[in-house]
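# Structural characterization, general
Next come the chains, spelled out residue by residue.
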Amino acid sequence: MPAAPRTAVDKALDLVEAVARAPQPPRLTDLAEEVGLHRATAYRVLVDLVRRGWVLRAGDRYLPGTAVLQLSSSAARNSLGALARPVLEALSERTGMMVNLQVPEVDRSRVIDVVRPDRLAMISRLTGEALPVHLFAGPLALVAALAPPDRAPYLRAVEVSGHPLTGPDGLLADIERTERTRFAVEYGRNEQPVASLARAVVTRPGAPVCALTLVGLGAEFDEARLPLLQEQLREATDELARILSGPGAPEVAEEPEPGSSRPTPSSRPTPPSPSTPASPSPEGPA
């Protein structure tokens, strides 16, 4: 299928992004070449961007404009990370676990913030990492909260990795369990002896905004404690959904079905016993 033609908005955003990421202020020729536009077309778009304050022209070079700087300042105050940070800190304090915040991307999720207690310093934060669905609880929770047609890119990426989609150990079974219980749980699939529990933050059905994940040693996610961790995680994700929806917004987060408070682990390894020693992990789960 041929690529869709670029709209005026596409061209403008391409140029704004090119100016913002340039290691030094670029010239018109540099920008036109980088974004794949004719020089005259790039110039016409840049004239409008300069007029609107998105780009600043200094001689024959271009810099980010005042509108970009104002937006960056506002975004820093009102970004998902800034709004979610108090929720992450409170959840980590209540549970003693590492907590991370993830957002969905094209075929996986990305960790954008982490609160890690000192006692879990051996577990990697994975901040900024893109995580595949079949190895981590966070992206699994996000995919399970998506409308089924929107799961296709994630399923394709897992299929390419060689992980099975079907069967009792396949991703589709994991998604079904997570969709039913609203919780994704992972025991050592990415790294022993670490486990994780995740839940999506949903403000509109079928379109999760992000996910919160509790990460700790597998022995701490045993049958006795898991229901309490689920309840604490549910309260945190519902609180974040309310914050993101604004005052007076209706509740949209769905509760687990009756009798499903204990999800079936998304991977088959038995949780490590309390005597299992913690060892440094370059790749902790999320």
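Residues numbered from 1 in each chain as written. Predicted model: local features only at pLDDT ≥ 70, side-chain atom pairs only at ≥ 80, totals over all residues. Heavy atoms only, no water.

Burial of strand β8 (residues 208-217) is extensive: eight of the ten residues sit out of reach of the surface. Counted along the chain from strand β7 (residues 194-202) to the antiparallel partner β8, the turn is five residues long, and its residue Gly 206 has a positive phi close to 85°. (Buried < 20%, exposed > 50% of the residue type's maximum accessible area, 1.4 Å probe, protein only. Helix = DSSP H or I, 4+ residues; strand = E, 2+ residues; numbered from the N terminus. Pairing = 2+ DSSP bridges.)

Attention now goes to the environment of Leu 15. Mapped onto the fold, Leu 15 is located in helix α1 (residues 8-21). For Leu 15, a relative accessible area of 0% translates into the label buried. When the C-alpha atoms of Leu 15 and Leu 37 are compared, they prove to be 9.5 Å apart, with 22 residues separating the residues in sequence. For Leu 15, the residues in contact, after removing those within four places along its chain, are Leu 31, Val 35, Leu 37, Ala 42, Val 45, Leu 46 and Leu 49. (Contact = heavy atoms within 4.5 Å.)

Attention shifts here to helix α8 (residues 171-181). Of all the residues in α8, the buried ones are Leu 171, Ala 173, Asp 174, Ile 175, Arg 177, Thr 178 and Thr 181. The inward-facing, buried residues of α8 contact α6 (137-145), α7 (152-161) and β6 (184-187). Immediately beyond the C-terminal end of α8, within one or two residues, lies Arg 182, with a positive phi of roughly 70°.

A few words on the packing of aromatic side chains. Within a pair of aromatic rings, the relevant descriptors are the distance that separates the centres and the angle that separates the planes. In the structure shown here, the tally under the stated rule is zero aromatic pairs. The ring of Phe 183 is capped by Arg 199, whose NZ or CZ atom sits 5.6 Å from the centre of that ring. (Phe/Tyr/Trp six-rings, centres within 6.5 Å; stacked < 30°, edge-to-face > 60°. Lys NZ or Arg CZ within 6 Å of the ring centre and 35° of its normal.)

Pairing is antiparallel in the open sheet, where six strands are placed in the order β5-β4-β3-β8-β7-β6. Here the strands that pair on one side only, and so sit at the sheet edges, are β5 (130-131) and β6. Across four bridges, the pairing between β6 and β7 is antiparallel. Note on β7: the bridge partner recorded for Val 185 is Leu 197.

Looking at the secondary structure, you find Arg 199 in strand β7. A polar side-chain atom of Arg 199 sits 2.6 Å from a polar atom in the side chain of Thr 237. A polar contact is formed between the side chain of Arg 199 and the side chain of Asp 238, at a distance of 3.1 Å. (Polar contact = N/O pair within 3.5 Å; in protein donor to acceptor, adjacent residues only side chain to side chain.)

Before going further, it helps to spend a moment on the confidence of the model for the protein. On average, residues of the protein score 86 in pLDDT, and 84% of them are at 70 or above. Confidence drops under a pLDDT of 50 for residues 252-283, and excluding neighbours within four residues, the segment shows 75 contacts in the predicted structure. (pLDDT = per-residue confidence, 0-100.)

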